[in-house]
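Examining the three-dimensional arrangement
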Amino acid sequence: MSASPPLQSVGSCQCGAVRFVVTEAPSVVYVCHCRKCRKQSASAFGISVIVPRTALRVTSGTPAHWSCAGDSGRIHDGAFCPTCGTRLWHAGEGDATISIKGGSLDESPGLEDAVHIWVSRKLPGVIIPDGLQQFPEEPDD
């Protein structure tokens with residue numbers, strides 16, 4: 001049995017210039033294997049912690065923003081540190097939720113119950129544990 005996620009999380013960029021607090025537990029944690037998340041994370045996948053937009057509060061610094069289309073074609077506004085470049089979160093236009101980048105949180109989100117998405121683009125050799133929910137692309141919400 002996995003531990004319950006914290007009701008409040010704190011996070012920051014790599015250099016600490018931008019700090020934030022998340023005041024609600026995530027509704028879901030995604031492990032995304034799409035090309036954009038792989039490039040953004042410079043790794044085999046990205047980790048996204050989904051919370052209501054209203055649950056995010058910047059406590060120090062001012063993030064910069066950049067918009068791009070995801071593999072789904074949807075436009076996402078991404079927030080990052082203007083000093084070190086760390087991606088912090090992103091959201092689609094009009095979305096009620098925001099996707100906090102898992103690596104930006106001081107306490108890493110557990111992946112025991114994570115939902116794997118865009119597995120059609122998963123790198124060879126990445127193994128998804130048996131029993132975890134997965135989708136070839138994005139799930140229908």
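To start, this report covers the structure provided alongside it. Quick caveat, the model's predicted, so the values are computed rather than measured.

Quick word on the overall build of the chain
Regarding its fold elements, the chain presents one helix and 10 strands. Secondary structure elements of the chain, listed N to C terminal, follow the sequence β-β-β-α-β-β-β-β-β-β-β. On C-alpha atoms alone, the chain measures out to a radius of gyration of 14 Å, which is about the 14 Å that the 2.2 N^0.38 rule sets for 141 residues. For the chain, the C-alpha atoms occupy an extent of roughly 40 × 35 × 30 Å along the three principal directions. Across the 141 residues in the chain, those meeting the buried criterion constitute 40%. Separation of charge centres in the chain, based on 12 positive and 14 negative side chains, amounts to 9 Å.

What about the environment of A64?
Summarising the element assignment, A64 is placed in strand β6 (residues 64–69). Leave out the neighbours within four places in its chain, and A64 touches G78, A79, F80 and P82.

Remarks on the pairing of strand β2 (residues 19–22)
Where strand β1 (residues 9–12) and β2 come together, four bridges link them in antiparallel fashion. Along β2, the bridge assignment pairs S9 with V22. Once β1 ends, the chain turns through six residues before running back antiparallel as β2, passing G16 with a positive phi of about 90 degrees.

A closer look at the nonpolar core
Formed by 19 residues in total, the largest nonpolar core has its most connected members in F20, V22, V51, L56, W89, I98 and I100. Looking at this core, the elements with two or more residues in it are β2, β3 (28–32), β4 (46–52), β8 (87–92) and β9 (97–101). By residue number, the principal contributor to this core is β8, which donates three residues. The residues touching V51, leaving out its near neighbours within four places in the chain, are V22, E24, A25, P26, T97, I98 and I100. C32, C37, I117 and W118 belong to the second largest nonpolar core, which has eight residues in total.

Structural notes on the side chain of R38
Assignment of secondary structure puts R38 in helix α1 (residues 35–41). Those residues in contact with R38, other than ones at most four positions away along the chain, are H33, S43, A44, F45, R121 and L123.

A closer look at the pattern of salt bridges
In the structure shown here, the tally under the stated rule is one salt bridge. As a salt-bridge pair, R19 and D106 come within 2.8 Å of each other at their nearest N and O atoms. With R19 in strand β2 and D106 in the loop between β9 and β10 (115–117), this residue pair connects regions lying 87 residues apart in the sequence. For R19, a relative accessible area of 27% translates into the label partly exposed. We classify D106 as partly exposed; its relative accessible area is 41%.

Things to note about the sheet that holds strand β7 (residues 75–80)
Across the sheet, seven strands lie side by side as β6-β7-β8-β9-β4-β3-β10; this open sheet has mixed pairing. The sheet is open, and its two borders are formed by β6 and β10, each paired with just one other strand. Taking the axes of each pair of neighbouring strands and ignoring which way they run, one obtains an average angle of 30 degrees across the sheet. Of the strand pairs in this sheet, β3 and β4 are connected by five bridges, and their pairing is antiparallel. When the sheet's bridge partners are listed, V28 is paired in β4 with I50.

Rules used throughout
Residues numbered from 1 in each chain as written. Predicted model: local features only at pLDDT ≥ 70, side-chain atom pairs only at ≥ 80, totals over all residues. Heavy atoms only, no water. Helix = DSSP H or I, 4+ residues; strand = E, 2+ residues; numbered from the N terminus. Rg over C-alpha atoms; globule rule 2.2 N^0.38 Å. Buried < 20%, exposed > 50% of the residue type's maximum accessible area, 1.4 Å probe, protein only. Lys, Arg positive; Asp, Glu negative; His and termini not counted. Charge placed at Lys NZ, Arg CZ, Asp CG, Glu CD. Contact = heavy atoms within 4.5 Å. Pairing = 2+ DSSP bridges. Core = buried A, V, L, I, M, F, W, Y, C linked by side-chain atoms within 4.5 Å. Salt bridge = Lys/Arg side-chain N within 4 Å of Asp/Glu carboxyl O. Axes fitted to C-alpha atoms, helices over the stretch in contact; angles between N-to-C directions.

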